[in-house]
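Understanding the architecture of this molecule
Chain by chain, the residues run as shown.
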Amino acid sequence: MAEPSKVIHIRNVGHEISENDLLQLVQPFGVVTKLVMLRAKNQALLQMHDLNSAVNVLQYYTSVQPSVRCGPEYLSSFFFWALLRGRNVYIQFSSHQELTTTDSPGWKSDQDSQPNRILLVTIHHMLYPITVEVLQQVFSPYGYVEKIVTFQKSAGFQALIQYQSRQSALQAKNSLQGRNIYDGCCQLDIQFSNLNELQVNYNNERSRDFTNPSLPTEQRGRSSQPGYGDAGSLYALQASGARVAFAQMSNAAAIAAAFGGGLPPGVTGTNDRCTILVTNLNPEKVDEDKLFNLFSLYGNIVRIKLLRNKPDHALVQMEDGFQAELAVNFVKGALLFGNRLELNFSKYPSITPAADTREYAGSNLNRFNNNAVKNYKYCCSPTKMIHVSALAQDITEEEIVAHLEEHGTIVNTKLFEVNGKKQALVLFESEEQATEALACKHASTIDRSTIRISFSQLQSI
């Protein structure tokens, strides 16, 4: 039986679960100081800043399991579960009281115990194509890369990297494990391979022998490396100007990856109409800024126009057709100020700038100006729970309640800190109340801080 510890042991951590996923699971309860991924065992160890934070994590996940006694005296006797990317992960105190190294403390996989010059690399959250050239640029600073083979397996997109020396492979693994190739995505999960030599038959976009540049290319569709599978046409992109290829990728690819590899139900990713017709609005209470606050959850807003001849109608122009499709999918049928909203794509491709239109194209309140992938991840239909961020450091729960309670009955609140920044969860009695609070109070000011509000997908606090 493990004694309470500030180190948390998480089991059943599949390859689809990243370090960021685990951090989001526990960071509302305190600062995470260390994280060790034990990929070979599908496990992870997280060290919280203090014991109280770790206890809060386990106490919370007992509260969502009413069949398990949740008093603190039982926490060392049971493990608890949470749903993460469709998988039940199991949480308990670790037998370790402290993580003293950046590697796993005494937990070694068979692959890790036998380093060699060939690395098996899995790319998680792959929002952009990864080519042989990109991998060569990433891994060559640590030594001469002789061969690279890429392929697609059930674990995702993978590559085998063969160095000239074992020392180079070891240095690359120690330096790159867990890091992202691009900001916020394409995370490297690196293990030692048990192969002694890579056989490369072709030099092309999926495999390369840098020691033998005279190898032929292949006909499209044939596998470059027998026994490793085929990366497929999705990744078969020439790397001449990788940045150009990335710029051509659609938002659909980013949102698909943010949602775990597939688009949300009802979203096709093929819509090219940017303007939405919103009807059945409450004309006495709705204005352009309130519509902006709601629709900016799903993409950047270019401009909004209230139709004066039809007071319950409005046009909302999004930055692109994909963002417009997300908004229609998630907002259609939502209740706002007592009315159920109807959304359809407009016959007009854009809103003509005029005196009666409100411009938002240059607004710094647009949520997708930076870190768009992260914002896509949190797209959802209205819920009863809102997440409030950018709060003042000395804010209190009472001040938050006083700022929001005019919009409905607040059932519960939780004030917490993530990476030194104050945030809050506020649970309303209904989705309509939470939607009204978001529409009215996003970008409002509390204690000289301009707050940000979005819907939370958590079911309880």
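Everything here concerns the structure above.
Residues numbered from 1 in each chain as written. Predicted model: local features only at pLDDT ≥ 70, side-chain atom pairs only at ≥ 80, totals over all residues. Heavy atoms only, no water.

**Points about the overall build of the chain**
A tally of regular secondary structure across the chain gives eleven helices and 24 strands. Nonlocal contacts in the chain, meaning residues at least 24 apart in sequence, comprise 69% of its contacts between residues at least 6 apart. Working note: accessible area of the chain is about 21,500 Å², and carbon and sulfur atoms make up 47% of it. (Helix = DSSP H or I, 4+ residues; strand = E, 2+ residues; numbered from the N terminus. Contact = heavy atoms within 4.5 Å. Areas by Shrake-Rupley, 256 points an atom, 1.4 Å probe, with all protein chains shown as cover.)

**Here's the deal with the sheet that holds strand β7 (residues 145-153)**
Across the sheet, which stays open at both edges, the six strands sit in the order β9-β10-β6-β8-β7-β11 with antiparallel pairing between neighbours. Edge positions in the sheet fall to β9 (180-182) and β11 (207-209), since each of these pairs with one other strand and no more. The mean inter-strand angle of the sheet, taken between neighbouring strand axes irrespective of direction, is 25 degrees. Alignment of β7 against β11, held across three bridges, turns out to be antiparallel. (Pairing = 2+ DSSP bridges. Axes fitted to C-alpha atoms, helices over the stretch in contact; angles between N-to-C directions.)

**Remarks on the sheet that holds strand β20 (residues 410-418)**
What the four strands build is an open sheet, ordered β20-β21-β19-β24; its pairing is antiparallel. The two strands at the open ends of the sheet, each matched to only one other strand, are β20 and β24 (452-455). Taking each pair of neighbouring strands and ignoring which way they run, the sheet shows an average axis angle of 20 degrees. Sheet topology places strand β19 (residues 385-389) next to β24; four bridges connect them, and they run antiparallel. The residue bridging His387 from the neighbouring strand is Ser454, located in β24. Set on the sheet, helix α10 (residues 397-404) makes contact with β19, β20, β21 (421-428) and β24; between it and β20 the angle comes to about 130 degrees.

**Let's talk about helix α7 (residues 288-295)**
Buried residues dominate α7, accounting for seven of its eight residues. Within α7 the residues assigned to the buried category are Glu288, Lys290, Leu291, Phe292, Asn293, Leu294 and Phe295. Capping of α7 at its N-terminal end is provided by Asp287; its side-chain oxygen lies 3.2 Å from the backbone amide nitrogen of Asp289. (Buried < 20%, exposed > 50% of the residue type's maximum accessible area, 1.4 Å probe, protein only. Polar contact = N/O pair within 3.5 Å; in protein donor to acceptor, adjacent residues only side chain to side chain.)

**Topic: unusual backbone geometry**
The phi dihedral of Asn280 is positive, around 65 degrees, even though this residue is not glycine. Along the chain, Asn280 falls in the loop between β12 (275-279) and α7. Overall, the relative accessible area of 30% leaves Asn280 in the partly exposed class. With a phi angle near 50 degrees, Asn419 is a residue other than glycine that sits in the positive phi range. Its place among the elements puts Asn419 in the loop between β20 and β21. Accessibility expressed as a relative area gives 59% for Asn419, which makes it exposed.

**What to know about the pattern of salt bridges**
The final tally for this structure, using the stated rule, is 14 salt bridges. Across the pair Arg117 and Glu146 runs a salt bridge, and its minimum N-O distance is 2.8 Å. On the criterion of sequence distance, the pair formed by Arg117 in the loop between β5 (87-93) and β6 (118-124) and Glu146 in strand β7 is long-range, its members being 29 residues apart. Residue Glu146 is classed as buried on the basis of its relative accessible area of 12%. Between Glu197 and Arg117 there is a salt bridge, and its shortest N-O distance comes to 2.5 Å. Here the residue Glu197 occupies a position in the loop between β10 (185-192) and β11, and Arg117 occupies one in the loop between β5 and β6, the gap between them amounting to 80 residues. By relative accessible area, which is 41% here, Glu197 ends up partly exposed. (Salt bridge = Lys/Arg side-chain N within 4 Å of Asp/Glu carboxyl O.)

**Comments concerning helix α8 (residues 321-331)**
Among the eleven residues that make up α8, ten are buried, leaving the element largely enclosed by the rest of the structure. For α8, the complete set of buried residues consists of Gly321, Phe322, Gln323, Ala324, Glu325, Leu326, Ala327, Val328, Phe330 and Val331. Put simply, Asp320 is the residue that caps the front of α8, since its side-chain oxygen is 3.1 Å from the backbone nitrogen of Phe322.

**With respect to the nonpolar core**
Membership of the largest hydrophobic core comes to 52 residues, with the highest contact counts inside it found for Ile276, Leu294, Phe295, Tyr298, Ile386 and Phe455. Broken down by element, the residue count for this core peaks at seven residues, all from α8. If we skip the residues at most four places from it in the chain, Phe455 touches Leu294, Leu297, Tyr298, Cys380, Ser381, Pro382, Thr383, Met385, Ile386, Ala434, Thr435 and Leu438. (Core = buried A, V, L, I, M, F, W, Y, C linked by side-chain atoms within 4.5 Å.)

**Some details on the packing of α7 against helix α11 (residues 431-441)**
Remark: α7 packs on α11, axes separated minimally by 7 Å, with the N-to-C direction vectors making an angle of 115 degrees. In the crossing of α7 with α11, the sense of the turn from one axis to the other is right-handed. Mapping the contact onto sequence places Asp289, Lys290, Asn293 and Leu294 in α7 and Thr435, Leu438, Ala439 and Cys440 in α11. Looking at the contact of α7 with α11 residue by residue, the class counts come to four nonpolar, two polar and two charged. (Left-handed = near helix turned anticlockwise from the far one by under 90°. Nonpolar A, V, L, I, M, F, W, Y, C, P; charged D, E, K, R; others polar.)

**Some details on the pairing of β10**
On a regular strand, one side chain projects to one face of the sheet and the next to the other, so that they alternate. Most of β10 sits out of view: eight of its eight residues are buried. Where β6 meets β10, six bridges bridge the pair, whose relative direction is antiparallel. Looking at β10, one finds that Leu120 is bridged to Gln191. Relative to β10, β9 runs antiparallel, the two being bridged by two bridges. Each bridged residue has a counterpart across the sheet, and for Tyr182 the counterpart in β10 is Cys185.

**Some points on the packing of aromatic side chains**
Counted under the stated rule, the structure contains three aromatic pairs. On the numbers, 4.5 Å between centres and 15 degrees between planes, the contact of Phe292 with Tyr360 is stacked. Of this pair, Phe292 sits in helix α7 while Tyr360 sits in the loop between β18 (357-359) and α9 (372-377), and the two are 68 residues apart along the sequence. Pair check on accessibility: Phe292 and Tyr360 agree, each one buried. (Phe/Tyr/Trp six-rings, centres within 6.5 Å; stacked < 30°, edge-to-face > 60°.)

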